[in-house]
Amino acid sequence: MRKPVIAGNWKLFKSIGESTALINELKPLVAGAGNVEIVVAPVFTALNRVSDAASGSGINLAAQDCFWEEEGAFTGEVAPKLLKDAGCSHVIIGHSERRQYFGETDATVNKKTKAAMAAGLTAIVCVGETLEERESGRTFSVIEEQIQNSLAGIAPEGVAGLIIAYEPVWAIGTGKTASDEQAQEVHAFIRSLILNLFGQTASDAVRILYGGSVKPDNVKGLMGQADIDGALVGGASLKADSFAAIVNFGV
Ligand code: PGA
């Protein structure tokens, strides 16, 4: 069985002090969550202190991006092994905001994913269609291209350990969630793509998260879908009570 993952993407919010305060508030609220992989993704500068604060709580730490080289003359970049050094176990790659504002492409997502895996991090690879792509009937072809190119050349055993986040761009930060059925339809499609490209074991094991305005009141319906294995949460992860309510969806 696939272990559910609830991941909070804090984006460009919170100082070191605010981030550690949030973790300290969160810890007791999620202590009884049971069989859920809990992940939070603070800004780079807060990672190490949040890692210390989260120590022993079972809460995992993710970075929001990484570079694909280990070291060198690459001003401003951070290597996967340094994220590990800072306490990360996971890294988000190819979030739609990075694709939209920072020139991220499937090719760079592919390089970053391979580098993250080589460093022993669990990559959370994001895909998703824009409103225009959905309305013009291109959702499935867009997702197919993103999955195929982002995961090109990765071995099936590697894909089995990955996390994929399906985040329809029109649902991110807009308060519009995909319906349970709309989300499930794309999740099932992604799983069938993984089956065709990487085989049964990878398709059974890969965890596919939904992201886009996940809140305490819609998480249960989403998590009830056969191919939805968790959530990538933005806005609602910035407050301990709402994120804890999402983490505790099954309690
Ligand atoms: P949201 O963000 O929950 O605020 O819509 C989700 C995301 O961008 O990962």
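The preceding data block contains the structure.
Here's a quick rundown of the structure. This one's a predicted model, so the numbers in the text were calculated from it and none came from an experiment.

Looking at the ligand, there are 13 residues lining it, with Lys-11, His-95, Glu-167, Gly-173 and Ser-213 nearest. A distance of 2.8 Å separates an oxygen atom of the ligand from a polar backbone atom of Gly-235. Taking 280 Å² as the accessible area of the ligand by itself, protein coverage stands at 97%. Because more than half of its atoms lie within 2 Å of the grid, the ligand is assigned to the second largest pocket. Taken together, the residues that form the shell around the ligand break down as four nonpolar, seven polar and two charged.

Following the criterion strictly, the structure yields five aromatic pairs and no others. Measuring from centroid to centroid gives 4.7 Å for Phe-140 and Phe-189, while their planes differ by 70 degrees, and the two rings are edge-to-face. With Phe-140 in helix 7 (residues 139–150) and Phe-189 in helix 9 (residues 180–198), the pair connects residues that are 49 residues apart, well separated along the chain. For Phe-140, a relative accessible area of 31% gives the class partly exposed. Counting every residue linked through ring pairs, the aromatic cluster contains Phe-67, Trp-68 and Phe-74.

Another point: helix 5 (residues 106–118). Relative to the 18 Å expected for 13 residues at 1.5 Å per residue, helix 5 spans 18 Å between its end C-alpha atoms, a close match to the ideal helical length. Here helix 5 has its buried residues at Asp-106, Thr-108, Val-109, Asn-110, Lys-112, Thr-113, Ala-115 and Ala-116. Structurally, helix 5 contributes buried residues whose contacts are with helix 3 (80–85), strand 4 (90–93), helix 4 (96–101), strand 5 (122–127) and helix 7. Backbone geometry just after helix 5 places Gly-120 at a positive phi near 85 degrees.

Taken in spatial order, the eight strands line up as 1-2-3-4-5-6-7-8 and close into a barrel, and their pairing is parallel. For this sheet, the mean inter-axis angle between neighbouring strands, taken without regard to orientation, is 25 degrees.

This next bit is on the environment of Ala-41. Mapped onto the fold, Ala-41 is located in strand 2 (residues 37–41). With 23 residues separating them along the chain, Ala-41 and Glu-18 place their C-alpha atoms 13 Å apart. In this structure, Ala-41 is in contact with Gly-8, Asn-9, Trp-10, Lys-11, Ala-62, Ala-63, Gln-64 and Ile-92, ignoring residues within four places of it in sequence.

Further remarks concern the environment of Thr-113. Tracing the chain through its elements places Thr-113 in helix 5. For Thr-113, a relative accessible area of 0% translates into the label buried. Remark: the alpha-carbon pair of Thr-113 and Phe-44, spanning 69 residues in sequence, is separated by 18 Å. Look past the residues within four positions of Thr-113 in its chain and what remains in contact with it is Ile-93, Ala-123, Val-125, Ile-154 and Leu-162.

Summed over the entire model, instances satisfying the criterion amount to 13 salt bridges. The residue Asp-229 makes a salt bridge to Arg-2 at a minimum N-O spacing of 2.9 Å. Of the two residues, Asp-229 sits in the loop between helix 11 (219–223) and strand 8 (230–233) while Arg-2 sits in the segment before strand 1 (5–9), which places them 227 residues apart along the sequence. On the basis of relative accessibility, which here comes to 7%, the residue Asp-229 falls in the buried class. Ionic pairing is found between Lys-11 and Glu-97, a salt bridge with its closest N-O pair at 2.8 Å. Here Lys-11 is found in the loop between strand 1 and helix 1 (16–30), whereas its partner Glu-97 is found in helix 4, with 86 residues between them in sequence. Taken together, the salt bridges that share partners define one network made up of Arg-2, Arg-191, Asp-227 and Asp-229.

Analysis parameters
- Residue indices begin from 1 for each chain and proceed along its sequence in written order.
- For a predicted model such as this one, the threshold for reporting local features is a pLDDT of at least 70, and the threshold for listing and counting side-chain atom pairs is 80 or more; totals across whole chains, interfaces and linings nevertheless cover every residue.
- Here the side-chain values reflect all heavy atoms present in the structure, with hydrogen atoms and water set aside.
- Residue proximity to a molecule or strand is established when one non-hydrogen atom of the residue lies within 4 Å of it.
- The term polar contact refers here to a pair of N or O atoms within 3.5 Å; inside protein, the definition further demands a hydrogen-donor-capable atom paired with an acceptor-capable atom, and it admits residues adjacent in sequence only when both atoms are side-chain atoms.
- Computed with the Shrake-Rupley method and a 1.4 Å probe, the accessible areas treat only the protein chains shown as cover for residues.
- The method works on a 1 Å grid over the protein atoms by themselves. A cavity is a set of points holding a 1.4 Å probe that cannot get out, a pocket is an open set with protein on both sides within 12 Å along at least five of seven lines, and residues with an atom within 4 Å of a point line them.
- To decide whether a molecule occupies a pocket or cavity, check its atoms: if more than half lie within 2 Å of the grid points, it is inside.
- For this scheme, ten residues count as nonpolar: Ala, Val, Leu, Ile, Met, Phe, Trp, Tyr, Cys and Pro. Four count as charged, namely Asp, Glu, Lys and Arg, and the remainder, Gly too, count as polar.
- Two rings from Phe, Tyr or Trp (for Trp, the six-membered ring) form a pair when their centres sit within 6.5 Å of each other. Planes less than 30 degrees apart are called stacked, planes more than 60 degrees apart edge-to-face, and all others tilted.
- Helical segments are the DSSP runs of H or I of at least four residues, strand segments are the runs of E of at least two, and each set is numbered from the N terminus.
- Only protein chains enter the accessibility calculation, which uses a 1.4 Å probe; a residue is then buried when its area is under 20% of its type maximum, exposed when over 50%, and partly exposed in between.
- Multiply 1.5 Å by the residue count of a helix minus one, and that product is the helix's expected span.
- In this description, contact between two residues means that some pair of their heavy atoms is separated by no more than 4.5 Å.
- By definition, two strands form a pair when at least two bridges between them are found by DSSP.
- Axis lines are fitted to C-alpha atoms, over the contacting stretch for helices. Their N-to-C directions set the angle, which ranges from 0 to 180 degrees.
- Here a salt bridge means any side-chain nitrogen of Lys or Arg lying within 4 Å of a carboxyl oxygen belonging to Asp or Glu.

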